[in-house]
Amino acid sequence: MLRRTLLTGACLVAASLSAAPASAQQRTEIQFWYGLGGQLGERVQEQVRRFNESQDRFTVVATFKGSYVETMTGAIAGWRAGNPPHIAQVFEVGTATMMAAGPAIKPVHQLSSETGVAIDPAQYLAGVRGYYSDTQGRLVAMPHNSSSAVMWLNLDMLERAGVTEPPKTWAEVREAARKIRAQNPQACAMTTAWPTWVMFEQMSSIHNVAFATKANGFEGMDATLNLTDPFFVKHVNFLLDMQKEGLFRYAGRDNAADPLFPNGECAISFNSSAGRARIVADAKFKWASVPLPYHHDVTESPRNGVIGGASLWTLTARNRTPAEYQGVAEFFRFISRPEQDQWWHQVTGYVPITVAAYEKSKAEGFYTQNPGADAAIIQLNRASPTPASQGFRLGGFVEIRNIIQEELEKAFQGQQNAQQALENANRRGNAVLRNFERANRS
Amino acid sequence: MQRRVIFKDKALPYALLLPQLVITAVFFFLPAGQAIWQSVLRQDAFGIRTIFVGFENFSDLFADPLYRATAWTTVVFCFWVTVLAMGVALLLAVMADRQIKGAQVYRTLLIWPYAVAPAVAGMLWLFLFHPSFGLFARLIAGLGIDFDWKLNGGQALVLVILASAWKQVSYNFLFFLAGLQAIPKSVLEAAAIDGAGSSRRFWTIIFPLLSPTTFFLLVVNLVYAFFDTFGVIDALTKGGPGKATETLIYRAYIDGRVNLDIGSSAAQSVVLMVVVIALTVIQFRYIERRVHY
């Protein structure tokens with residue numbers, strides 16, 4: 001152990017000695033903590049390498065910190081201990097917590113004006129920009145990896161069951177699932193990853209039903225949840241019915257259902273568009289990604305979906321130098337360049353964050369060669385956002401998501417009906433919102 | 001007659017005690033004190049705004065029916081983990097203590113699981129029992145049992161109990177084996193000559209003579225079940241489905257680290273601290289009396 005440490009130390013010294021003469025000035029080191037594993041994590045490393053090779057003043061050091069939750073809590077713990085990373089990747093549900101963090105963060109617009117590095121908010125897609133801007137429309141967090149939920153279809157399984165057209169509505173999804181089960185009674189017809197994100201957040205947005213009051217929390221911390229709305233009762237009942245019929249398999253919280261689509265087990269899965277990298281690598285069948293289904297008796301023209309994924313936050317520290325902030329800003333500007341963003345979008349399955357990258361991908365025929373790669377973008381852009389579909393800014397959202405998952409699990413076990421599950425989730429979730437409001441009122 | 005060691009110099013004994021006292025202060029009293037202080041505060045995630053709320057974190061906790069349900073789950077969980085881990089270990093130790101070929105190999109194999117970190121153990125069990133691709137899960141499903149602990153709270157609880165108990169069997173096995181080997185063979189031989197069968201020998205001689213080991217393991221296992229099983233639960237069920245496998249320590253972790261509610265989490269750890277102190281006092285007061293050294 002000791003020997004290994006010494007060896008590593010010696011290597012580092014050797015490396016720094018050999019690197020020193022190459023650049024005239026000392027490179028400023030920027031710590032970047034991220035929470036993407038597997039193929040996506042490798043892409044993050046590649047993104048950072050591209051930046052480091054593009055200039056000789058800064059070195060971004062990207063460190064994998066585990067899940068999104070672990071990355072965020074690690075960064076917060078780091079800040080409390082006076083030793084945070086310069087950049088932390090925070091998932092979308094942590095946005096409200098980070099925005100309320102006042103002195104701990106440096107908003108992008110402030111970073112841009114202090115360092116003189118121009119970061120024009122107008123270059124980003126509206127749905128992405130809106131999620132990470134403050135009430136005055138100024139960019140607070142740097143858009144990084146934005147996805148949307150899409151429906152993934154195993155075309156081989158659908159074809160065997162005699163389903164030729166991708167289902168568009170939930171009624172058609174149920175019909176397709178029934179045919180799949182009729183063809184193979186053992187098959188997993190449908191599952192979902194991120195049950196709360198897909199079945200509540202995305203559904204509320206595309207059906208234009210408020211998830212919470214005060215424009216889903218954008219207009220103030222005193223928002224209350226709207227989970228007992230008849231729409232949610234209807235949708236949860238729909239899922240419960242499908243589960244009873246054996247058409248829907250609940251595969252667990254958060255991303256627990258991830259493997260069930262690429263391994264060919266489930267014919268229909270709902271997951272992030274960023275599942276693309278893994279599906280391209282693993283799936284041994286014909287597949288497609290299409291926009292999420294809607295209830296045709298609620299709306300005939302579904303609205304935009306909301307984004308998921310994560311953004312980059314600049315964290316403050318007592319001993320930060322202007323050069324370090326400069327490096328952060330340069331990195332942000334670099335990853336927003338159309339060609340960089342286009343590369344990122346095409347290899348990960350995240351949506352392009354800039355309009356230019358989307359236009360370039362379209363012009364170069366990326367979507368005709370890769371049908372369905374634009375499903376998420378189409379879904380995000382097909383309607384202008386309303387207060388119910390612009391996203392969420394709710395404190396304690398991580399906890400609220402888990403509460404919804406817990407109450408859903410109790411309903412799927414038959415311990416309570418849809419109405420009870422939603423009433424419980426609403427009551428418990430509102431308690432979380434009130435606690436957050438109290439702890440963060442300045 | 002009592003032998004007493006007398007130091008001429010007053011400073012030396014204190015100097016010798018100092019390292020231990022410093023460690024206790026830094027790693028026990030300081031964090032415990034901080035937990036007590038945090039438990040009467042309410043803070044935002046970054047600790048920028050702090051309000052003093054008195055005992056509100058505690059009253060919120062006790063008024064929460066879910067917290068009481070979690071406390072009950074913890075009791076059930078700790079009871080079964082302790083009983084299973086100790087029962088199986090004792091059985092294995094008695095068998096490994098016999099004169100058999102390759103006893104050394106068995107012993108080594110039985111000690112292995114102890115070297116596995118709880119989170120790794122959880123992942124192993126996850127792969128073996130995953131409802132869709134787990135090897136054992138398929139075997140169980142083949143028996144006609146609807147096995148899906150992602151949605152069946154009872155099955156999930158059984159699974160985390162088994163995984164947690166499995167982890168601790170090796171440790172108990174080591175101590176039981178050592179305890180068994182310390183029992184003088186002459187006593188057992190005398191009993192055998194007097195006509196006592198093997199089960200009678202076990203219950204009237206071996207078991208009472210093992211009581212110091214058993215008592216020690218009881219304390220250690222309860223503490224293990226209370227505090228160290230968090231990794232297994234996190235890797236396997238994350239407290240779900242619903243709250244079926246959420247124990248007190250797991251909830252304290254979730255509220256503190258994931259939900260970033262430090263005040264409530266601190267209050268919960270203070271409650272746990274009180275519980276453990278109470279348990280230890282009870283054990284030493286009432287159970288130790290029955291132990292023969």
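Parameters and conventions
- Residues numbered from 1 in each chain as written.
- Chains lettered and ligands numbered in written order.
- Predicted model: local features only at pLDDT ≥ 70, side-chain atom pairs only at ≥ 80, totals over all residues.
- Heavy atoms only, no water.
- Helix = DSSP H or I, 4+ residues; strand = E, 2+ residues; numbered from the N terminus.
- Buried < 20%, exposed > 50% of the residue type's maximum accessible area, 1.4 Å probe, protein only.
- Contact = heavy atoms within 4.5 Å.
- Areas by Shrake-Rupley, 256 points an atom, 1.4 Å probe, with all protein chains shown as cover.
- Lys, Arg positive; Asp, Glu negative; His and termini not counted.
- Charge placed at Lys NZ, Arg CZ, Asp CG, Glu CD.
- Core = buried A, V, L, I, M, F, W, Y, C linked by side-chain atoms within 4.5 Å.
- Domains from an automatic or database assignment.
- pLDDT = per-residue confidence, 0-100.
- Buried area = accessible area lost by both parts, 1.4 Å probe.
- Salt bridge = Lys/Arg side-chain N within 4 Å of Asp/Glu carboxyl O.
- Polar contact = N/O pair within 3.5 Å; in protein donor to acceptor, adjacent residues only side chain to side chain.
- Phe/Tyr/Trp six-rings, centres within 6.5 Å; stacked < 30°, edge-to-face > 60°.
- Lys NZ or Arg CZ within 6 Å of the ring centre and 35° of its normal.

A few points about the overall build of chain B
Turning to step 1, where the next piece is worked out: Helix and strand counts for chain B come out as 13 helices and 2 strands.
Turning to step 2, where the next piece is worked out: Seen along its three principal axes, the alpha-carbon backbone of chain B occupies a region of about 75 × 75 × 30 Å.
Turning to step 3, where the next piece is worked out: Burial statistics for chain B: of 293 residues in total, 44% are counted as buried.
Turning to step 4, where the next piece is worked out: Counting contacts in chain B only where the partners sit at least 6 residues apart, residues at least 24 apart contribute 67% of the total.
Turning to step 5, where the next piece is worked out: Total accessible area on chain B is roughly 16500 Å²; 70% of this is exposed by carbon and sulfur atoms.
Turning to step 6, where the next piece is worked out: For chain B, the separation between the mean place of its 23 positive charges and that of its 16 negative charges on side chains is 10 Å.

A closer look at the nonpolar core
Turning to step 1, where the next piece is worked out: In this structure, Phe-32, Phe-200, Phe-211, Ile-268, Phe-331 and Phe-332 of chain A are the most contacted members of the largest nonpolar core, which totals 171 residues.
Turning to step 2, where the next piece is worked out: Two domains each put at least three residues into this core: domain 1 (28–147 + 308–363) and domain 2 (149–304 + 387–440) of chain A.
Turning to step 3, where the next piece is worked out: Excluding residues within four positions of it along the chain, Phe-32 of chain A makes contact with Val-44, Val-48, Val-60, Val-61, Ala-62, Thr-63, Ile-87, Gln-89, Leu-312 and Phe-331 of chain A.
Turning to step 4, where the next piece is worked out: Counting 20 residues, the second largest nonpolar core, distinct from the first, contains Leu-90, Tyr-171, Leu-210 and Leu-217 of chain B.

So, the confidence of the model for chain B
Turning to step 1, where the next piece is worked out: With 97% of its residues at a pLDDT of 70 or more, chain B has an overall mean of 87.
Turning to step 2, where the next piece is worked out: At the low end of the mean pLDDT range in chain B sits helix 4 (residues 103–111) of chain B, at 81; at the high end sits helix 3 (residues 65–96) of chain B, at 93.

A word on the interface of chain B and chain A
By convention, interface size is frequently given as the accessible area that disappears when the constituent parts associate.
Turning to step 1, where the next piece is worked out: Each partner contributes residues to the interface: chain B has 33 residues there, and chain A has 38 residues.
Turning to step 2, where the next piece is worked out: Taking both sides of the interface into account, the surface hidden between chain B and chain A amounts to around 2900 Å²; carbon and sulfur atoms contribute 55%.
Turning to step 3, where the next piece is worked out: When residues of chain B are sorted by the area they lose upon contact with chain A, Phe-46, Arg-49 and Leu-151 of chain B head the list and together hold 26% of the total.
Turning to step 4, where the next piece is worked out: Counting across the chain B and chain A interface gives 2 salt bridges.
Turning to step 5, where the next piece is worked out: Of the charged contacts in the structure, one is a salt bridge between Glu-56 of chain B and Arg-438 of chain A, with a shortest N-O distance of 2.6 Å.
Turning to step 6, where the next piece is worked out: At the junction of chain B with chain A, the criterion picks out 11 residue pairs in polar contact (both at pLDDT 80 or more).

Some details on the packing of aromatic side chains
Residue and element names in this part refer to chain A.
Turning to step 1, where the next piece is worked out: Under the counting rule described, the total for this entry stands at 43 aromatic pairs over all chains.
Turning to step 2, where the next piece is worked out: Between Tyr-131 and Tyr-132 the ring centres are 5.3 Å apart and the planes differ by 50°, which places this aromatic pair in the tilted class.
Turning to step 3, where the next piece is worked out: Their ring planes at 35° and their centres at 5.3 Å tell us that Tyr-250 and Phe-412 sit as a pair that is tilted. Of the two residues, Tyr-250 is situated in the loop between strand 8 (248–249) and strand 9 (266–272) and Phe-412 in helix 18 (residues 397–412); the sequence distance between them amounts to 162 residues. The same class applies to Tyr-250 and to Phe-412, which are both buried.
Turning to step 4, where the next piece is worked out: Put simply, the rings of Phe-32, Tyr-34, Phe-51, Phe-64, Phe-331 and Phe-334 touch in pairs and so form one group of aromatic residues.
Turning to step 5, where the next piece is worked out: Above the plane of the ring of Trp-33 lies Lys-65, whose end atom (NZ or CZ) is 4.2 Å from the centre.

Quick word on the domain arrangement of chain A
All names here are of chain A.
Turning to step 1, where the next piece is worked out: What the domain assignment reports for chain A is domain 1 (28–147 + 308–363) and domain 2 (149–304 + 387–440).
Turning to step 2, where the next piece is worked out: Computed from C-alpha coordinates alone, the two centres of domain 1 and domain 2 are separated by 28 Å.
Turning to step 3, where the next piece is worked out: Listed as interface residues are 24 residues of domain 1 and, on the opposing side, 22 residues of domain 2.
Turning to step 4, where the next piece is worked out: Three residues, Gln-39, Val-93 and Tyr-131, lead the burial of domain 1 against domain 2; their summed loss comes to 31% of the area buried on that side.
Turning to step 5, where the next piece is worked out: One can count 5 residue pairs in polar contact (both at pLDDT 80 or more) joining domain 1 with domain 2.
Turning to step 6, where the next piece is worked out: Elements supplying a minimum of two residues to the side of domain 1 that touches domain 2: helix 2 (38–54), helix 4 (95–99), helix 6 (126–131) and helix 14 (338–348).

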